[in-house]
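# Coordinate analysis (summary)
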Amino acid sequence: MNRSNGDAPYYNLYINGQWRAPIAEQYRPTIDPSTGETLGMIAQADIEDTRLAIRAAREAFDDGYWPSMAPGERSRLLHALVDAIEARQDEIADAEMRDGGCTWRKAHLLDIPVGLIHFRHFAKLADMEPLEPVPQITFPALSYNFVLREPIGVCGQIIPWNFPFLMAVWKIAPALAAGNTVVIKPATFTPLSLLKMTEIIHETGLLPPGVLNVVTGPGQVVGPEICTNPMVDKIAFTGSTEVGREIMQQAASTIKKVTLELGGKSPNIILEDADLDLAVDGSLWATFMHNGQACESGTRLFVPASIYDEFLERLVDRASKLRVGLSSSGDTDLGPVISAGQLRTIEEYIRLGIEEGATPVLLGKRPEDPELQNGFFITPTIFTDVDNSMRIAQEEIFGPVLCVIKYDGLEDAIRMANDTIYGLAAGVWSRDIETAVSVAKRIRAGTVWINDYHMINAEAPFGGYKQSGIGRELGTWGLKEYLEIKHIHVPLNNERSGKFWFDIVAPRTSE
Ligand code: NAD
Ligand code: MN
C-alpha cells in the first residue's frame, strides 16, 4: 500500500522488490462480500506491467544468488519469513474474513494456522539433499553418476479466491524452497491476503529483489501473458477446470511445465455400519464448510437405502439449524458467497435441480435479516431424489447445495461415485476400517478421507485424478513439481568415451 484516497487504501504492484503503480494507472475496488463495502483499490496490471514482473523474476533467477544459495541458508531465511508472517497473522486473518467472506472460525482455526504449518514445512524441506540417490552404474560404462536437484526457473502462479492465504502459501512456499523465482497473481476478488503477506515479507528485507513478484489485475490479461511469455518456465494454477484447460493450451506454445489443481464433485459415501452421529455432522462439514466453495467439497452424498430415512431426517434437522451470518461473527456457520454473480449461479442451479426432478427437502433462500441485505447470502439447500446423471450431480456448483443419492449395494455406490469427470477427493464413513479402505482403493481420486473430511496435511500429497488436475501439491511430492532433475555422468576410465567410436572395427559377418 503506498497512498490512500479518502477511506480506501490503494494497493500497488510488487515488482523487483518495490511497490509500483501500474503503467496505465488503473485501479479497481475489492469489496467485502458480507457488506458490499469497498476495502481497497487494487492496481490493475496490463501486459506491460506483467512483463516487467516476469523480467524481474528472470533476472533474479539468471543473475541473482537465490537459486544457488546453500539449501540450509535458504531454509533459515524461509523460516524467518514464516516467523514474520506468524507475528502479524491477525492482519491476514482480517483480510481473509473481510475480502473473501471467510468465517471467523475458518480464518482463525483453519486457514491461518494450517497455512503457517504448510509454509514451515516447505521452509524445512528447503534444507534438502542436493543429490538424488542413484545406483552404481556399470553399463555401458563404469562411471560416477550424479543426479542433481535444481530449481526450474521462473514460476508463474495463478490462484483462486476461495482460500486466498492458503493457496498463496501452497504456491510460493514450495517454489521458493526449491530456489525458483515467482510471479504470482491472486484472484481478482481476494487480493488482500497475498498483498498483506507480501508487505510483511517486504518489510523483513530478506528476499533478494525479483525473487517474489505480485501482479494484481484481470485474469484474462495477466494470465495469458504469464502463460505464454517465453521467459516463464513453469505454470502452477489452481482454479476451475475450464480455465485450467485454457492455461494448458497457452502454456503449450513454449512447452512450459504445468501443474493444475482444478475442480471437483466429490463423492461422500456412507456405509450401512457408519457411526451416524459422526457421519451426519461429517457430511454437513464436508459440504457446507465455506459454503461449498472448496474444490474438494463432498457435494454428492451417497446414502444406503437401509438407513436412508433416519439419516436424512437427522441431516436435514441439523442443516436447517446452521447459522447464516456476517463472516466476522464468531458463531457464523455460513458466511456470504463470494459475489453477486456466484449467488445468481447458485440460484440458477437450484432452479435447474427442481426442473430436473430432484426434491429440495431444504430450499436455499436469501435470508431476510436486515443486517445481511448488502451481502451475498443464501441458506443451505439439500436435494433428494437426485440421479447421479443430473447436471446438479455432475457440475461443480460451488455453493451450499448438497445432492443426496440413495444407493442399493456397495457396488452401485462405487460405480456412481466414479461416474464423474472429476477425481479430486472422496469420503467414506464406516465402523469397519478394512471395508472402508477397500472402498477407498476403488475410488478414482487423489485423496480419500475415512470418517473425516477436508483434512489436508503438510506431509501428504494433494491433487486430482482425471479432469481435477495434473501433479500434486504439499509434501515432497509438491516440492518435486518445482525441481528439475539433472544427470551428470563421469566415466571411471576412457574406454567408452568418444574415442571408441573411431577405434573399434566391427567384425565381418561370415556369409
Ligand atoms: P477461475 O478458474 O475462474 O479463476 C482462477 C484464477 O485464474 C483467478 O486468479 C483468475 O483471475 C484467473 N484467470 C481467469 N481467467 C484466466 C485466463 N484466461 N488465463 C489465466 N488465468 C485466468 O476459478 P475461481 O472462480 O477463482 O475459483 C474457483 C475454482 O477453483 C473452482 O472450480 C474450484 O474447484 C477450483 N479450486 C481448485 C482447488 C484445487 O486445489 N484443486 C482449490 C481451490 C479452488
Ligand atoms: Mn473481496
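Residues numbered from 1 in each chain as written. Chains lettered and ligands numbered in written order. Predicted model: local features only at pLDDT ≥ 70, side-chain atom pairs only at ≥ 80, totals over all residues. Heavy atoms only, no water.

## Focus on the environment of Glu86
Position of Glu86 among the secondary structure elements: in helix H2 (residues 71–87). Placed 30 residues apart in sequence, Glu86 and Leu116 show a C-alpha to C-alpha distance of 6.9 Å. Excluding its chain neighbours within four sequence positions, the residues that come into contact with Glu86 are Leu116 and Arg120. Side-chain polar atoms of Glu86 contact the side chain of Arg120, separated by 2.7 Å. (Helix = DSSP H or I, 4+ residues; strand = E, 2+ residues; numbered from the N terminus. Contact = heavy atoms within 4.5 Å. Polar contact = N/O pair within 3.5 Å; in protein donor to acceptor, adjacent residues only side chain to side chain.)

## What to know about the environment of Gly115
Locating Gly115 in the fold gives a position in helix H4 (residues 104–125). Exposure remark for Gly115: the relative accessible area of 0% places this residue in the buried category. Once the C-alpha coordinates of Gly115 and Met167 are considered, the two residues, 52 residues apart in sequence, prove to be 8.5 Å apart. Dropping the residues within four chain positions of it, Gly115 is found in contact with Leu110, Phe165, Leu166 and Val169. (Buried < 20%, exposed > 50% of the residue type's maximum accessible area, 1.4 Å probe, protein only.)

## What about unusual backbone geometry?
The residue His290 is not glycine, and still its phi comes out positive at about 50°. With respect to the helices and strands, His290 occurs in the loop between helix H9 (276–288) and strand E15 (300–304). Even without glycine at this site, Asn291 takes up a positive phi of about 60°. Within the fold, Asn291 resides in the loop between H9 and E15.

## Considerations on the sheet that holds strand E7 (residues 131–132)
In spatial order, the strands read E7-E8-E22; together these three strands make up an open sheet with antiparallel pairing. On the outer flanks of this sheet lie E7 and strand E22 (483–491), each paired with one strand and no other. Here strand E8 (residues 143–151) runs beside E22; their pairing, made up of nine bridges, is antiparallel. Looking across to E22, one finds that Asn145 is bridged to His489. (Pairing = 2+ DSSP bridges.)

## Remarks on the site of ligand 1
Ligand 1 sits among 27 residues. The nearest are Ile159, Ser240, Leu262, Cys295 and Glu396. Contacts to ligand 1 include Leu262, whose backbone N or O atom sits 2.7 Å from a nitrogen atom. Here an oxygen atom of ligand 1 and a side-chain polar atom of Glu396 are 2.6 Å apart. Computed on the free molecule, ligand 1 has an accessible area of 840 Å², of which 90% lies beneath the protein chains in the complex. For the shell around ligand 1, the elements supplying multiple residues, two or more each, are helix H7 (219–228), strand E12 (234–238) and helix H8 (241–252). Taken together, the residues that form the shell around ligand 1 break down as 15 nonpolar, eight polar and four charged. When we break the shell around ligand 1 down by domain, the ones giving at least three residues each are domain 1 (10–262 + 468–488) and domain 2 (267–450). (Near = heavy atom within 4 Å. Areas by Shrake-Rupley, 256 points an atom, 1.4 Å probe, with all protein chains shown as cover. Nonpolar A, V, L, I, M, F, W, Y, C, P; charged D, E, K, R; others polar. Domains from an automatic or database assignment.)

## Considering the coordination of the manganese ion (ligand 2)
Listed as protein donors to the manganese ion (ligand 2) are Ile31 (O), Asp99 (O), Asp99 (OD) and Phe189 (O); their distances from the metal cover 2.2 to 2.5 Å. Between consecutive donors of the manganese ion (ligand 2), the numbers of intervening residues give the motif I-x67-D-x89-F. Residue Ile31 is located in strand E5 (residues 27–31), and its partner Asp99 is located in helix H3 (residues 89–100); the two are separated by 68 residues in the primary sequence. Residue classification places Ile31 among the partly exposed residues on the basis of a relative accessible area of 29%. (Donors = N, O, S within 2.8 Å, 3.2 Å for Na, K, Ca; no water.)

## Concerning the sheet that holds strand E18 (residues 401–407)
Spatially, the seven strands line up as an open sheet ordered E16-E17-E18-E15-E14-E19-E20, and their pairing is mixed. Both outer strands of the open sheet, strand E16 (359–362) and strand E20 (447–450), are each paired with one neighbouring strand and no more. Neighbouring strand axes in the sheet, compared pairwise and without regard to direction, differ in orientation by 25° on average. Bridge count between strand E14 (residues 267–270) and E15: three bridges; the pairing is parallel. Bridge pairing in E15 links Ile269 to Phe302. (Axes fitted to C-alpha atoms, helices over the stretch in contact; angles between N-to-C directions.)

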